[in-house]
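Structure assessment
The primary structure of each chain is shown beneath.
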Amino acid sequence: MFDLKGRVVAITGASSGLGAQMARGFAGQGADLVLMARRLERLQALASELEEKGVKCLCIKCDVTNPDDVNSAAKQAEEHFGKVDILVNNAGSAKNNGVLNMTDEEWQFTMDTDLTSVFYVTRAFGNIMKKHNYGRIINIASMYGLVGNTAMDTVAYHSSKGGVVNFTRAVAAELAKYNITCNAICPGYFATELTIDTLKTDAFTAYMKATVPVGRYGNEGELNAGAIFLASDEASYVTGVILPIDGGYTAV
Ligand SMILES: NC(=O)c1ccc[n+]([C@@H]2O[C@H](COP(=O)([O-])OP(=O)(O)OC[C@H]3O[C@@H](n4cnc5c(N)ncnc54)[C@H](OP(=O)(O)O)[C@@H]3O)[C@@H](O)[C@H]2O)c1
């Protein structure tokens, strides 16, 4: 089960953190990869590592907030591999502020990067999947898309990721007729470039221990099993599902 040999996985935000971790996970199941991000040299370093193990990789410099970049990336991926079976909408960032102080620019940056980009990328790659009557779309939302929090003010991030959660359900309903599933993973706290400065403080670690039943941050690679399952042929009857991988944060 969960063999991805012959499958092509496109991952946005593959240049660091969870995206690079999932790329290694998919490669381990035999998939070929389309690696996308703005930092091409990071993608190429990851590709070199994976190509040594026989994985075919295509690296594409792509800003997911730019629809021309995204459409061009989808075209390059289709020309190179002939198809894309699995899409992981993982790229993300945030400008954090409270609702009373947030600037228009901070709000718009977060919405563009975390929500509108998911629409652009799904539109471009979903059309390739439709032609082949097969697809698995996996959106990396956040547990902050399901609940609020008292540790930090980050209203735009909660809003964009909440949007990704319901985007997932709408796309699942709409694209089921093309044999395309769409599911979301809601990660909890994982130490990455995005989060490390916050997570390493004693105050945040104390908050985490009080609010995450498992009592620790997520470890490298702990998203991979969920992502591989949702990407697999075996998950053919699983769509519109919102899967928290958060050490129990949203369970309490
Ligand atoms: N870490 C956590 O605790 C956590 C929790 C919940 C959800 N998440 C979500 O998980 C996803 C991955 O985050 P991460 O923690 O792995 O952070 P990360 O290490 O900072 O990785 C973010 C990735 O997104 C890419 N990216 C950002 N803006 C982009 C843009 N405009 N165009 C193209 N690529 C862009 C970055 O690549 P370039 O800079 O090279 O373009 C990078 O590869 C995000 O959606 C994040 O919201 C993370």
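Computed from a predicted structure; not experimentally measured. Within each chain, residues carry numbers counting from 1 in the order of the written sequence. Residue-level local features of this predicted model are given only where pLDDT is at least 70; pairs of side-chain atoms are given and counted only at 80 or more, and the full residue set underlies all totals for whole chains, interfaces and linings.

So, about helix α5 (residues 155–175). In a regular helix each residue adds 1.5 Å, so 21 residues correspond to 30 Å; α5 covers 30 Å between its end C-alpha atoms and thus fits that length. We call a residue exposed when 12 or fewer other C-beta atoms sit within 10 Å of its C-beta, buried when the count reaches 20 or more, and partly exposed for counts in between; the C-beta positions come from the backbone. Helix numbers and strand numbers start at the N terminus; a helix is a DSSP run of H or I with at least 4 residues, a strand a run of E with at least 2. Within α5 the residues assigned to the buried category are Ala156, Tyr157, His158, Ser160, Lys161, Val164, Thr168 and Val171. Elements in contact with the buried residues of α5: α4 (104–132), β5 (135–140), β6 (180–187) and β7 (242–245). Helices are assigned an expected span. That span is 1.5 Å times one less than the residue count. C-beta atoms are placed from the backbone for every residue, and two residues are taken to be in contact when these atoms lie within 7 Å.

To continue, consider the packing of helix α3 (residues 67–81) against α4. Where α3 contacts α4, the two axes come as close as 9 Å, and the packing angle between them is 25°. The angle between α3 and α4 places the two elements in the roughly parallel class. Judged by the sense of rotation from one axis to the other, the crossing of α3 with α4 is right-handed. Counted together, Pro67, Val70, Asn71, Ala74 and Glu78 of α3 and Tyr120, Val121, Ala124, Phe125 and Ile128 of α4 form the full contact between these two elements. Here the contact of α3 with α4 is built from residues that sort into eight nonpolar, one polar and one charged. Axes here mean lines fitted to C-alpha atoms, for a helix over just the part in contact, with angles spanning 0 to 180 degrees between N-to-C directions. Just so you know how the angles are binned, under 35 degrees is roughly parallel, over 145 roughly antiparallel, 65 to 115 roughly perpendicular, and the rest oblique. Left-handed describes a crossing whose near helix is turned anticlockwise from the far helix through less than a right angle; right-handed describes the clockwise counterpart. When residues are grouped by polarity, Ala, Val, Leu, Ile, Met, Phe, Trp, Tyr, Cys and Pro land in nonpolar, Asp, Glu, Lys and Arg in charged, and all others, Gly among them, in polar.

Moving on to the nonpolar core. Think of a nonpolar core as buried Ala, Val, Leu, Ile, Met, Phe, Trp, Tyr and Cys residues, each tied to the set through C-beta atoms within 7 Å. Judged by nonpolar contacts, the single largest core of 68 residues is most densely connected at Val9, Ile11, Ala23, Phe26, Leu33, Leu35 and Met36. In terms of residue count, α4 provides more of this core than any other element does, eight residues in total. Look past the residues within four positions of Leu33 in its chain and what remains in contact with it is Val9, Ile11, Ala23, Phe26, Ala27, Leu50, Val55 and Cys57.

Right, let's talk about the pairing of β6 for a bit. Within β6, eight of the eight residues are buried, which leaves the element mostly enclosed by the surrounding structure. Burial along β6 is two-sided: the face carrying Ile180, Cys182, Ala184 and Cys186 and the face carrying Thr181, Asn183, Ile185 and Pro187 are both buried. Bridge count for β5 against β6 is six bridges, and the pairing is parallel. In the sheet register, Gly135 faces β6, and the bridge partner there is Ile180. Remark: the β5/α5/β6 crossover connection has right-handed handedness. Pairing of β6 with β7 involves four bridges; the strand directions are parallel. Each residue of the ladder has a partner; that of Pro187, found in β7, is Ile245. Any two strands with at least two DSSP-identified bridges between them are counted as paired. Orienting the strands away from the viewer, one traces the path from the first strand over the helix to the second; a clockwise path indicates a right-handed crossover.

Relative to the 21 Å expected for 15 residues at 1.5 Å per residue, α3 spans 21 Å between its end C-alpha atoms, a close match to the ideal helical length. The complete set of buried residues in α3 reads Val70, Ala73, Ala74, Ala77 and Glu78. Taken down its axis, α3 places every buried residue within 130° of arc, on the same side. Those residues of α3 that are exposed and aimed more than 90 degrees away from the buried face are Asp68 and Glu79. Tucked inside the fold, the buried residues of α3 contact β1 (8–12), β2 (32–37), β3 (57–61) and α4. Immediately downstream of α3, the backbone of Gly82 shows phi near 85°, a positive value. Here the arc refers to the set of directions running from the helix axis out to each C-beta atom.

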